[in-house]
Amino acid sequence: MTSFSQILNNHPSASWDSAKLNLEAYLQRIDYQGSLAPTIATLRALTRTHLGAISFENLDIIAGENIDIDLLRVQKKLLGQGRGGYCHEHNTLFAAVLERLGFAVQGRSARILMGTSEQEMTAVGHTLLNVQLNGSDWLVDVGVGNVGPREPIELKAWNQVTQDAWRYRLDRVAHHWVLRYWREDGWFNIYQFSNEPYYRDDYAHHNYYVSTHPASPFTQQLVAQYNGACVRYALTGLRLKTFLPEQPVQERLITVEELPEILRSLFRLQIDEVLAEKLMNAVRLK
């Protein structure tokens, strides 16, 4: 007899709508030429290549545009326009890629901590992914900005990994997983999440809130972040931070006039003159 959960998981609403995916355009965007077999080696390679090519950013919100996480809209922006996005966009796209390639991928949603204690109950709202492979569950997240993991992390309690020059730890606390990141001043809490599955419709609601609510950090100021193997960048408003492994953060203020070129060079974003003017005007008003 087919169980309710099996019926639910076979429903199109539980999928990632990957029939709409332009896989060739995605592989070209990230310049990936490796294996597409659904293996852990492929998963690692795709994650790293995605992060190297597509930055985290909220520029549309600052420019007064809406963010829609329908896969066709996400593809148009991230693939066709050479832009980046935030967690709901990145991981919606990446999940569709993985589903098309034959990976077993489910959605998860996390409570962002960004340095606060895991005892603090922040709102659920960050999109991440769970991939089942070789009898194990793996945390996969290409959408948490410059502090995120560069490869999948196996869901094992107290699992500590080194990825390039960066260290992570996945802890089991009560009924939640907590992802931590090693910085020059010690372990830094990124987020916590449970094993409860989430779906595209959940993320559409989360996306609407964070892209429109006045209390959302993404509606308040411009954000762009790049997650590199050896160096990481974070731009908040006009404050640019550079992160090197286990070193103090380097920080400087850029000018409004520098903004478009910084976004193009450090964050690898295609910024045309119309968008550049909208962003400079918006930043001047902050």
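Computed from a prediction, not measured in an experiment: that's the story for all the values here.

Caption draft 1: The overall build of the protein chain, seen in detail. The helix and strand inventory of the protein chain stands at 10 helices and 13 strands. Relative to the 2.2 N^0.38 estimate, which gives 19 Å for 286 residues, the radius of gyration of the protein chain is 18 Å and therefore close to what a compact globule would have. A principal-axis box enclosing the C-alpha atoms of the protein chain has dimensions of 65 × 40 × 40 Å. Expressed as a percentage of the 286 residues in the protein chain, the buried residues total 52%. Within the protein chain, contacts between residues at least 6 apart in sequence are counted, and of these 57% link residues at least 24 apart. Carbon and sulfur atoms provide 51% of the accessible area of the protein chain, an area that totals close to 13300 Å². Where the 28 positive side-chain charges of the protein chain centre and where its 31 negative ones centre are 2 Å apart.

Caption draft 2: Representation of the packing of helix H2 (residues 23–30) against helix H3 (residues 40–53) in the model. Across the interface, H2 lies against H3 with an axial gap of 8 Å and an inter-helix angle of 70°. The pairing of H2 with H3 is recorded here as roughly perpendicular in orientation. For the pair H2 and H3, contact is made by Tyr26, Leu27, Arg29 and Ile30 and by Leu46, Thr49, His50 and Ala53, respectively.

Caption draft 3: Local environment of the sheet that holds strand E2 (residues 104–112). Spatial ordering of the open sheet is given by E5-E4-E3-E2-E9-E8-E7-E6, a layout of eight strands whose pairing is antiparallel. Edge positions in the sheet fall to strand E5 (153–154) and strand E6 (159–163), since each of these pairs with one other strand and no more. Both strand E4 (residues 136–140) and E5 contribute to a ladder of two bridges, which runs antiparallel. Considered in E5, the bridge of Leu139 is made with Ile153. Sitting on the sheet, H3 touches strand E3 (124–133) and E4, and the angle it makes with E4 is about 5°.

Caption draft 4: Spatial organisation of the confidence of the model for the protein chain. Predicted confidence across the protein chain gives a mean pLDDT of 94, with 97% of residues reaching 70 or more. Every residue in residues 1–8 is under pLDDT 50, and counting partners more than four places away or in other chains gives four contacts.

Caption draft 5: Molecular detail of the layout of surface pockets. Of the volumes computed, that of the largest pocket is approximately 1000 Å³. Lining the largest pocket we find 35 residues, and of these Phe56, Ile112, Met114, Pro217 and Phe218 sit closest to its centre. Roughly 420 Å³ of internal volume is contained in the second largest pocket. Forming the boundary of the second largest pocket are 19 residues, of which Asp60, Glu65, Lys77, Gln81 and Arg83 lie nearest the centre.

Caption draft 6: The sheet that holds strand E1 (residues 56–57), seen in detail. Taken in spatial order, the five strands make up an open sheet running E1-E10-E11-E12-E13, and their pairing is antiparallel. Each end of this open sheet is capped by a strand with a single partner; those strands are E1 and strand E13 (250–253). Bridging between strand E11 (residues 232–236) and strand E12 (residues 239–243) involves five bridges; their strand directions are antiparallel. What sits directly across from Thr236, in E12, is Arg239.

Caption draft 7: Spatial organisation of the packing of aromatic side chains. Here the structure, examined in full by the defined rule, presents eight aromatic pairs. Here Trp182 and Trp187 contribute two aromatic rings whose centre-to-centre distance is 5.2 Å and whose plane-to-plane angle is 70°, an arrangement assigned as edge-to-face. A relative accessible area of 25% means that Trp182 is categorised as partly exposed. Note on Tyr191 and Phe193: the rings are 5.9 Å apart at their centroids and 70° apart in plane angle, and the pair reads as edge-to-face. By relative accessible area, which is 0% here, Tyr191 ends up buried. Classification of Phe193 by relative accessible area gives buried; the value is 2%.

Thresholds, definitions, all that
- Residues numbered from 1 in each chain as written.
- Predicted model: local features only at pLDDT ≥ 70, side-chain atom pairs only at ≥ 80, totals over all residues.
- Heavy atoms only, no water.
- Helix = DSSP H or I, 4+ residues; strand = E, 2+ residues; numbered from the N terminus.
- Rg over C-alpha atoms; globule rule 2.2 N^0.38 Å.
- Buried < 20%, exposed > 50% of the residue type's maximum accessible area, 1.4 Å probe, protein only.
- Contact = heavy atoms within 4.5 Å.
- Areas by Shrake-Rupley, 256 points an atom, 1.4 Å probe, with all protein chains shown as cover.
- Lys, Arg positive; Asp, Glu negative; His and termini not counted.
- Charge placed at Lys NZ, Arg CZ, Asp CG, Glu CD.
- Axes fitted to C-alpha atoms, helices over the stretch in contact; angles between N-to-C directions.
- Parallel < 35°, antiparallel > 145°, perpendicular 65-115°, else oblique.
- Pairing = 2+ DSSP bridges.
- pLDDT = per-residue confidence, 0-100.
- 1 Å grid on protein atoms, 1.4 Å probe; cavity = no way out; pocket = protein on both sides within 12 Å on 5 of 7 lines; lining within 4 Å.
- Points joined across faces, edges and corners; volume = space filled by probe spheres on them.
- Phe/Tyr/Trp six-rings, centres within 6.5 Å; stacked < 30°, edge-to-face > 60°.

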